[in-house]
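# Coordinate analysis (summary)
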Amino acid sequence: MSRIQPARNSKLWPLIAEAENPETVPARLKELADHPSEWVRNPVGLNPSTPDQAILQMIEDPRHEKWFWSQALRQRDGLEEQLARSPRQIIRASVAGTYRHAEGALRRSTQILLADDESKEVRELIASTTNYEDILDTLLDDPVEEVRAACAANPRIDRDRIDRLITDRSSLVRRRAVAMGLRYPDEEQLLRLAGDRSSTVRWEVAISWRSTGRVMEVLLNDADEDLRHHARDWLEADSFGYNDEQSREAGATAAGAIPGQFDHP
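Residues numbered from 1 in each chain as written. Predicted model: local features only at pLDDT ≥ 70, side-chain atom pairs only at ≥ 80, totals over all residues. Heavy atoms only, no water.

Now for helix α17 (residues 225–239). With 15 residues, α17 should cover 21 Å at 1.5 Å per step; its first-to-last C-alpha distance of 21 Å lies within 8% of that length. Of the positions making up α17, those classed as buried are L227, A231, W234 and A237. Buried residues in α17, looked at end-on, bunch into an arc of 130 degrees, giving them a common side. In the core, the buried residues of α17 are packed alongside α15 (199–207) and α16 (213–219). Capping of α17 at its N-terminal end is provided by D224; its side-chain oxygen lies 2.8 Å from the backbone amide nitrogen of D226. (Helix = DSSP H or I, 4+ residues; strand = E, 2+ residues; numbered from the N terminus. Expected span 1.5 Å × (residues − 1). Buried < 20%, exposed > 50% of the residue type's maximum accessible area, 1.4 Å probe, protein only. Arc of directions from axis to C-beta. Contact = heavy atoms within 4.5 Å. Polar contact = N/O pair within 3.5 Å; in protein donor to acceptor, adjacent residues only side chain to side chain.)

Here it is, written out as structure tokens:
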């Protein structure tokens, strides 16, 4: 939605009030749903009195922004499977990412559908949000490396599954496992990764907020001169406590991840 609000004397304000009012009759809301102004359309989409069919038509309307789809879906979870079958990839991705930064979960049947989506972007989103371990395990074996890597961002992932990622054949997967993991890799896993054959993985270890003095001491002997310098600078800064603030901030982010364990089918 445009950040520029209509002028105080704009003829849109009475229409916006109608669009927001839950007592507005459904037939009128259907009319307002096709209004040329997004300032009118968007409140219609969030009005609980708007008929589901009108919501579906609005969601398929390319004029709407991505935030609208996810907001509407949270209020109309009965539509999620229909939207997960949309021919538009961006809508399926919006469904898959609905609960990425909030508590809640899609229905299992919807998640199964999206985990088999033709779009790797959709499968990546489900990998990072699914609350079912069997669905995550399927995506851990996905042929596309970006999808496997996205599993690391799932806040419910356990140490054994992270271990699968840090030993993956793809350096991209190993690197993103370090970068995207919320609770893992832990220090022991980082110590192993500090000897990874890929310098991109070792660099990700070097800049990880989880890295410790023990990990940096391994990198002091790295074949990459820049990495050795970085490790030496890190250890010097750490001796003065300069790394504490970064670790606390990143640790708070990890602690704020969606809580809970995997559900079982």
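Turning to the pattern of salt bridges, a few remarks are in order. Pairing between side chains of opposite charge can happen when their charged atoms approach one another. One pass over the full model with this rule turns up 23 salt bridges. The partner of R164 in a salt bridge is D141, and the shortest N-O contact between them spans 2.8 Å. Here the residue R164 occupies a position in helix α12 (residues 159–166), and D141 occupies one in the loop between α10 (133–140) and α11 (145–150), the gap between them amounting to 23 residues. For D141, a relative accessible area of 56% translates into the label exposed. Salt-bridge contacts for R214 lead to E187; the nearest nitrogen and oxygen are separated by 3.0 Å. Here the residue R214 occupies a position in helix α16, and E187 occupies one in helix α14 (residues 187–193), the gap between them amounting to 27 residues. Taking the relative accessible area as the measure of exposure, R214 reaches 49% and is therefore partly exposed. (Salt bridge = Lys/Arg side-chain N within 4 Å of Asp/Glu carboxyl O.)

Here the focus is the environment of P155. Tracing the sequence through the fold places P155 in the loop between α11 and α12. With a relative accessible area of 9%, P155 lands in the buried category. Taking the C-alpha atoms as reference points, P155 and T130, 25 residues apart in sequence, are found 9.4 Å from one another.

Counted by the stated rule, this structure contains 0 aromatic pairs. Positioned above the aromatic ring of Y132, the side-chain terminus of R108 is 4.8 Å from the ring centre. (Phe/Tyr/Trp six-rings, centres within 6.5 Å; stacked < 30°, edge-to-face > 60°. Lys NZ or Arg CZ within 6 Å of the ring centre and 35° of its normal.)

Another aspect to go through is the side chain of N131. By the secondary structure assignment, N131 is in the loop between α9 (120–129) and α10. A polar atom in the side chain of N131 sits 2.5 Å from the side chain of D263.

With that settled, consider the packing of helix α1 (residues 12–20) against helix α3 (residues 38–46). At a minimum axis distance of 8 Å, the contact between α1 and α3 shows a crossing angle of 10 degrees. One way to sum up the angle between α1 and α3 is to call them roughly parallel. Every residue of α3 that contacts α1 at L12, L15, I16, A19 and E20 is listed here: W39, V40, P43 and V44. Taken together, the residues of the contact of α1 with α3 break down into 8 nonpolar, no polar and 1 charged. (Axes fitted to C-alpha atoms, helices over the stretch in contact; angles between N-to-C directions. Parallel < 35°, antiparallel > 145°, perpendicular 65-115°, else oblique. Nonpolar A, V, L, I, M, F, W, Y, C, P; charged D, E, K, R; others polar.)

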